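# Examination of the molecular architecture
Below are the chains, spelled out letter by letter.
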Amino acid sequence: MKSKTFVTCVIFFFLISTAFSQRKEYLYYFNADLESCPQSKSLFTGHGTIKNNLLTLKVYSNKFPEIPLLIANFTDSTLSENQGLFQTFYLNGIKESERNYENNVLNGPWTKWDSTGHLTDSLIYANGKMTDSSKFYYYKNGTLNSFNITDFKNDKFKETDYNDSGKITSEVFFTGQKGIRKNYSNQTTTIDSLFTREEKEASFKGGLSAWSHYISGRLSSHIDQFRESDYGTCVVRFIINTDGKVSDAEATTMKGSRLAT
């Protein structure tokens, strides 16, 4: 009985030793564009380990070797084909992005965050083709400003806007090029018809310098009316129609102040 136990332990130890002896580690050196280069010219160092027929690569900045900036999986040590999870990180350790590959083709969600951890993009891929896209925008205080969702398969689009208190101020719904906008203000709802999703950035006649001159002139003419509490950054949301006229103007911050009115 003792001899059988000893033989079993020897076999188990041999299997463990064999497994460790087959584990290979690789070193890679990359330049600023994450292209292979000599060690003397490298800015990043990659450490690769093969496990379950995949090479897992962790890339570190030579200046900050404690935090991995990239963790990815490849089919072999040539790093020519992505397979599985692919992640990137900011220098503060917060995850920057995460996506998945199948045979070097994007498949599933591709998620992105900003350096504070706020979700900024959520993309869905099927066999390398984007099927859905969501984008998120935030105020400086971190509260959600707006987000939009695009359904490419059904040609639909939705956008929701919020004020800095978290209240919905408007929603846009599109199917194809036709849609509606719902504006919520003072417990009332107005609905406008929209006839195109194409966006053309509005510009002030004369350019930015003329716009700055106009704004400073307007503020200067009312400077004596402002209280100390009126000073700050006032965010105003409005629609510029195709004829250049402004409609649905609403201050989303500093409500109640003279600056907002």
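Residues numbered from 1 in each chain as written. Predicted model: local features only at pLDDT ≥ 70, side-chain atom pairs only at ≥ 80, totals over all residues. Heavy atoms only, no water.

### Let's talk about the pattern of salt bridges
As a working rule, side chains carrying opposite charge can pair if their charged atoms are close by. Cut-off, in case you're wondering: What makes a salt bridge here is a side-chain nitrogen of Lys or Arg within 4 Å of a carboxyl oxygen of Asp or Glu, nothing more. In this description a helix means any DSSP run of H or I spanning at least four residues, a strand means any run of E spanning at least two, and both kinds are numbered starting from the N terminus. Only protein chains enter the accessibility calculation, which uses a 1.4 Å probe; a residue is then buried when its area is under 20% of its type maximum, exposed when over 50%, and partly exposed in between.
Within this structure, the stated rule accounts for three salt bridges. As a salt-bridge pair, Lys135 and Asp121 come within 2.7 Å of each other at their nearest N and O atoms. Placement of the pair is Lys135 in strand E10 (residues 129–138) and Asp121 in strand E9 (residues 119–126), with a sequence separation of 14 residues. A residue is classified by how much of its surface remains accessible, and Lys135, at 32% relative accessible area, is partly exposed.

### Quick notes on the side chain of Asn73
Keep this limit in mind: Any pair of N or O atoms that falls within 3.5 Å is considered a polar contact. Within protein, one atom must be able to donate a hydrogen and the other to accept it, and sequence-neighbouring residues count only if both atoms are side-chain atoms. In what follows, residue pairs with any heavy atoms lying within 4.5 Å of each other are defined as contacts.
Within the fold, Asn73 resides in strand E4 (residues 68–74). Note on Asn73: relative accessible area 14%, which makes it buried. For Asn73, the side chain forms a polar contact with the main-chain oxygen of Leu85, separated by 3.1 Å. Residue contacts for Asn73: discarding those within four places in its chain leaves Leu54, Leu55, Thr56, Glu81, Asn82, Gln83, Gly84 and Leu85.

### Digging into the side chain of Asp121
With a relative accessible area of 13%, Asp121 lands in the buried category. Contacts of Asp121, omitting those with residues within four sequence positions, involve Trp110, Thr111, Lys112, Ser134, Lys135 and Phe136.

### Some remarks on the nonpolar core
Applied cut-off: Nine residue types can take part in a nonpolar core, namely buried Ala, Val, Leu, Ile, Met, Phe, Trp, Tyr and Cys, and a core is a set of them joined through side-chain atoms within 4.5 Å.
Core analysis: the biggest nonpolar cluster contains 17 residues, and Tyr28, Phe30, Leu55, Leu57, Val59, Phe74 and Leu79 have the highest contact counts within it. Elements supplying a minimum of two residues to this core: strand E1 (25–30), strand E3 (54–61), E4 and E9. Leaving out residues up to four positions away in the same chain, Phe74 has contacts with Leu54, Leu55, Leu57, Leu79, Ser80, Glu81, Asn82 and Gln83.

### With respect to unusual backbone geometry
Most peptide bonds take the trans form, and the phi angle of most residues other than glycine is negative. Positive phi, normally seen in glycine, also occurs at Asn104, with a value near 70°. What makes Asn104 partly exposed here is its relative accessible area of 35%. In the Ramachandran plot, Gln187 falls in the positive-phi region, its phi being about 65° despite a non-glycine side chain. Gln187 sits in the exposed class, given a relative accessible area of 83%.

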